[in-house]
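One-letter residues, chain by chain:
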Amino acid sequence: MVDECIWGHRIYDEQAGPMVLLELLNVMASKSLIDFSPNEELRYQLERKLPLRSYIFKNPFIELSFEGSYDPWEDWYAKFMNKDMSKLFEQFANPTSDNRGVDTLREIFDGDREESYKNFADLVKLVKDSAINVDSNKRWTSKFVFPWGRDCLFTDMRETDGSNDRRFFARTGELVFILLSRSRNKGRLKELIDSNYLTEVHPLNRVCKLFQKGYGQSSVEVSGARPPVEVLYQSEEDFGDVRKISEEMDRRSNLLCNDMIAVLECSLSAEDKFYHLSRLINLHVVCYLIERSQVALNQSERRIFLCEIITKKSGPLRKASQRLFLGNRQVTRAAVQHYIDVKCKEIHASCADSKENYDEAFRGRFLSEFRISSNSEFSGTPEALCRKLREKALERHERHLGNVHNEFAKAIGLASKCGSRAYRYTVDDPLIMSLVLANIHGRRLNLNSFLEVLFAKYNIVIGEKGKDYVNEHYLDDGRLDSSDMTENVENFKARLKSLGILSSLSDGCDFVLNPFANTK
Amino acid sequence: MQESRSRAGVAGKAKNFTKFLSCYLPGQATNVASFDEKVAEVANKYGVRMFEFGAPRAEEIKSLLTTEDCVHILVAGVAGDGKTYNLRRVFTDLTQLEGDILLDAWNNAQGDKQDPNPIVVGVFSRNESFKREVQFIKDLTANKNYLKGKGDGDGIITELLNPSPEKSYVIACNHGQLLEQLRSINSPDSNKLADEIENHFFGQGEIEGSIKIFDLSQINQSLVFKSIVREVCSHEAWNDVEDAAVDNPQYSMMLKNRASMWENEGLTKEVERFSELLKLLAMERVHFTIREMLMLVSNALLGNGLTKDKSKELGLKCIVGGVYPASGDDDSGSCIHQNLFGRNLTERERHKHRIFTELDRFQIGTASTRGIDSELLNLGFKSDSKEMAEVEEFISRDPACAKFKEMMRDKLEKQGEDEQYARNRADILSGLEALRRRLFLTMPDLPNSKSASKWCLTSFKNAASYLQFVSDKRTSKRLNSEKNLRRGLAMFMSGTASDSDEFLYITTRGAEVDERGGAYQAAKCQINGITIEKHSSSMNDDSVLPSVVLKFPINGSKVEFLLTPSSYECLMLLGEGFSIASFSREKIAELTSLKQRLIAEYKKSRTMDDRDEGELIINLVRNHEIVLISE
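As the structure is a computational prediction, the values presented were derived from the model and not from experiment.

Thresholds applied
Residues numbered from 1 in each chain as written. Chains lettered and ligands numbered in written order. Predicted model: local features only at pLDDT ≥ 70, side-chain atom pairs only at ≥ 80, totals over all residues. Heavy atoms only, no water. Helix = DSSP H or I, 4+ residues; strand = E, 2+ residues; numbered from the N terminus. Rg over C-alpha atoms; globule rule 2.2 N^0.38 Å. Buried < 20%, exposed > 50% of the residue type's maximum accessible area, 1.4 Å probe, protein only. Contact = heavy atoms within 4.5 Å. Areas by Shrake-Rupley, 256 points an atom, 1.4 Å probe, with all protein chains shown as cover. Buried area = accessible area lost by both parts, 1.4 Å probe. Salt bridge = Lys/Arg side-chain N within 4 Å of Asp/Glu carboxyl O. Polar contact = N/O pair within 3.5 Å; in protein donor to acceptor, adjacent residues only side chain to side chain. Nonpolar A, V, L, I, M, F, W, Y, C, P; charged D, E, K, R; others polar. Patch = residues over 30% accessible without salt bridge, like charges linked within 9 Å, V, L, I, M, F, W, Y side chains within 5 Å. Lys, Arg positive; Asp, Glu negative; His and termini not counted. Charge placed at Lys NZ, Arg CZ, Asp CG, Glu CD. Pairing = 2+ DSSP bridges. Arc of directions from axis to C-beta. Axes fitted to C-alpha atoms, helices over the stretch in contact; angles between N-to-C directions.

Draft legend 1. View of the overall build of chain A. Check the secondary structure of chain A and you find 20 helices and nine strands. Computed over the C-alpha atoms, the radius of gyration of chain A is 26 Å, within 12% of the 24 Å expected from 2.2 N^0.38 for a compact globule of 520 residues. The burial tally for chain A puts 59% of its 520 residues in the buried class. Taking the contacts inside chain A whose residues are at least 6 apart along the sequence as the reference set, 74% of them involve residues at least 24 apart. Carbon together with sulfur atoms contributes 46% to the accessible area of chain A, which is approximately 21000 Å² in total.

Draft legend 2. A look at the interface of chain A and chain B. At the junction of the two partners, chain A supplies 42 residues and chain B supplies 40 residues. In this assembly, chain A packs against chain B so that about 3500 Å² is buried in total across both faces, 57% of it on carbon and sulfur atoms. Ranking the residues of chain A by area buried against chain B places Arg206(A), Arg444(A) and Leu505(A) at the top, with a combined share of 18%. Connecting chain A to chain B are one salt bridge. Salt-bridge contacts for Arg444(A) lead to Glu198(B); the nearest nitrogen and oxygen are separated by 2.8 Å. Run the count over chain A and chain B and you get four residue pairs in polar contact (both at pLDDT 80 or more). For the side of chain A that touches chain B, the elements supplying multiple residues, two or more each, are α6 (101-108), α7 (113-129), α10 (203-211), α12 (270-296), α20 (482-498) and β9 (510-513) of chain A. Take the side of chain A that touches chain B: its biggest share by element is seven residues, from α7(A). Split by residue class, the side of chain A that touches chain B holds 18 nonpolar, eight polar and 16 charged.

Draft legend 3. Region of the structure containing the pattern of salt bridges. Per the counting criterion, the structure on display carries 58 salt bridges over all chains. Within the structure, one salt-bridge network assembled from shared partners comprises Asp71(A), Glu74(A), Arg100(A), Asp103(A) and Arg106(A).

Draft legend 4. Quick look at a negative patch on the surface. All names here are of chain A. The grouping of Glu67, Asp112, Glu114 and Glu115 at the surface amounts to a negative patch. You can see glutamate 67 is positioned in the loop between α3 (50-57) and α4 (72-80). Look at glutamate 67 and you get exposed, because its relative accessible area is 71%.

Draft legend 5. Focus on the pairing of strand β4 (residues 167-173) of chain B. All names here are of chain B. Counted residue by residue, β4 has seven buried out of seven residues, so it is predominantly covered. Of the pairings in the sheet, the one linking strand β1 (residues 72-76) to β4 comprises four bridges and is parallel in character. Of the residues in β4, the one forming a bridge with leucine 74 is isoleucine 171. Relative to β4, strand β3 (residues 130-137) runs parallel, the two sharing five bridges. By the bridge assignment, glutamine 135 is partnered in β4 with tyrosine 169.

Draft legend 6. Fine view of helix α10 (residues 237-244) of chain B. Residues Ala237(B), Trp238(B), Asp240(B), Val241(B) and Ala244(B) constitute the buried set of α10(B). Summarising the axial view, the buried residues of α10(B) lie within an arc of 155 degrees, below the 170-degree limit, and thus occupy one face.

Draft legend 7. Region of interest: the sheet that holds β9(A). Residue and element names in this part refer to chain A. As summarised here, the arrangement of the three strands in space is β6-β9-β8, forming an open sheet in which the pairing is antiparallel. In the strand order of this sheet, the two ends are held by β6 (444-446) and β8 (502-504), each with one partner. In this sheet, neighbouring strand axes are inclined to one another by 30 degrees on average, regardless of whether the strands run parallel or antiparallel. Where β6 meets β9, three bridges bridge the pair, whose relative direction is antiparallel. Residue pairing across strands places leucine 445 opposite valine 512, the latter belonging to β9.

Draft legend 8. Summary view of the pairing of strand β11 (residues 546-551) of chain B. Residue and element names in this part refer to chain B. In terms of burial, β11 is a largely internal element, five of the six residues being buried. Bridge count for β11 against strand β12 (residues 558-562) is five bridges, and the pairing is antiparallel. Its bridge partner lying in β12, valine 548 is registered against phenylalanine 561. Counting the residues in the hairpin turn of β11 and β12 gives six residues, including glycine 556, whose phi is positive at 75 degrees.

See the structure below:
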């Protein structure tokens, strides 16, 4: 339970990319962001929507033409509703009428048998074409319809028992929800999310709703998500400043919330904002991950994302970036280790004067502190307990949370190993565009100011701003000089120019443009 | 004896003029031409009259200073735009100083390193009762605290914001420095002024109050280029060069180059054509400074590959590059056709100069058509068109083309003997590229021809119709190629080649607007045709850009799309059936943004329409309407 204590939840690397946003939308569809208190346990419901998801993702027969068939609807249904599917429908579809699914579908679509079936097949293909994870080799219950509205949302599901699986909805979305509930502008965010992704008017949302016709609600109750703790350590020397931790968390929550609002307010359609939002949420999760690690380590230095704009030539900047990437990757591991060590010391200190048997008292406190059940394999001397916990926590960390920094950074275009063997930080074109949408509120912003914002909000260093900090804190040898950063900025300008979002007036007077800014 | 001395004098003058002109050449380490004052010094040293390019802005500034009651003037621009030059002209005219006195007065206002204060003060009297002090700040960059002051409000911002009739400021600055200094003051008034100036720089709005701003980076660069050629080529020192050419054949090469640019007291076809390229670049918001264009002209006049060995005699320092077999019309090797594109320089040298790399956008030399190439390479394809016949005739008469063909034949014949296939092939290709550049500047002008226009030798094959449309003075006019443009738009929006002027179909795959072509029709925009309107701009007429305007009849709203030369080319080529993937990401992003705006506007107009009530209609691309019963 060490991960939960430090970060609020274990964070799974497999949830990288749009799945965090999708999980968040599911939470928001069930729970009001405004009414939720950041200190309460999160309880909400997830929909299964079996008919909809099975028509789209477990329906290879839709590709068959059924040419010359007397009733293509019946032929298709006979193939689709096989034994396994029929069992699933029985368990989790919750039909509200005696009609078979195919009869309801037939009613929905206008026209003769052949024509109406063709329409149905075309619509299924259309919805499938736009789906999330559709080209991946993930199981069909982990593929999702694009969230045009609230009728398109459903949970990641285990096929065998219909429970909500935690593989791709691994609670990072819940964590983001809890963080957002701390933010000042959550009301505005809720309003915008509702009008963009939880509406019912989008034609394709209405199509998805019709695919569910004839079936009632079938949902899963979800609970267990708790807010991240604010006091990590009790012992004097390691006592984190409670106020600072709280402020740090509020700051990240507000930054995330404001970024989401900025993107949602852009004059882009909801469909096009989706991936920008997703990238920004992932970026903030990476920042959060590192910031909480720093809190656990009781360190105050900022961890930097020194981004090289990809070039063929390797130079000191690339090397420094690779070094920082490695350092940042290891910071979570160090946090876990440090947390266990300090907590064990605390327990030792509190049990030293105990009248009971020291080992017994230690074990009792140990199990309760780390939320381990008493009948678990943890037994032995205090040293053995601590060693075992460290081994287990680090082993688990290596499998999941230890990879989150890498996987999330890769998924959003913040990391790449293009042209080298090791990963380094970079910003690819889609991420640049997302950062522009989130941070340029008017039509344009001076390039230097834009780079300052990136440093202040996300610790992203591209140009001169932040270079000294990097040199001072992280680079003893091979320090970066101004020419490295100037060249990097020139490359960054070339990227902006190729995206059509840079306007240069005269030497050193460049403006980054936001073509989608809502200036009304 | 006397005759030989006078001939030596003439040769000396010619040499001095050449040296003076060579100060502007690319790659000048001393960079004497970087500062206005330095140019004057160099001109003095060589005893050559400085070039006078005319300063239309100076006239306007002078007029404002003499007629307006309260006025301050900001002259903004990139280094090399002629800010100081314009200011000096105003200073001269207002103070009526001449020659050395002017130079001293102007140059002495340098300040020192500790306190740079490049101010020069002129006093102007409109009449006996009215006297105005005009302070010229030659370079705002020289003193970072000039506007703000060092404390106690001693900066000039107070005076700028509260003008008085007795004192005016004329300030030369670059854009960034001006905005930065204003914002560093951080008062409501200075911030407001900074916002207004920033908007003005982006062509969005005017500045309130008594501050007037001249942005020299928005000058008409094709006109400036022509005026530079006119001034340089008509300089009186060319008479000395002509006389000196009798004894020194190297000068005759310079004269040949000059003759290709300036003939019978007028600009040649080559200069006119080249200025069209600069005009197109200006419309793409690529701005060149006067200094860069001077470099281009001096390189065209002096940069002759054949003079390499003799360059020292003429005092030319930067003449490098190979000899182009098809570059000249006779043995003198006159080659402005290559020099204007920087082909007399090494590739490394050329890439150091933005002006040459920007010109590479047109791909002149690599782009061509089958008809023209067929004629150049003797491939034997004959076109039946009359226009092509005209081009064919021109090519058959052109000595450079004949020379190239001879060289090609020679190389091909020897190929088997010396087995230098790769080298021969490279020679032929570079010769062909040089010939195409030459043809672009010299071939007959057939603007309406699709296969024989000079624009066929560039990547902007439709530039002729674009320029024709832009130069039309009418504010709204139907474009000749409107049908093709509509088809291009339709191709991007839905992947189908429709040229309807009533509907524009926009499709997506359901999720992303970014998907070009797709299954689901996101919008069926009813439009009142496509009209092209002129975009309002603070620039002069020549750089006014047209906009495609799509109007929605339901609510009368409209969406505008700025039609730059490259956007126009992109749409026209899409209309001809080019694949979307063959265009740059920048162009695709531009059109995607248009698609987005159209969908947004369509959605707005749909809210005024009640067709959504009752039934759900989903339109698939293949004219397939799916009607579903209501929920």
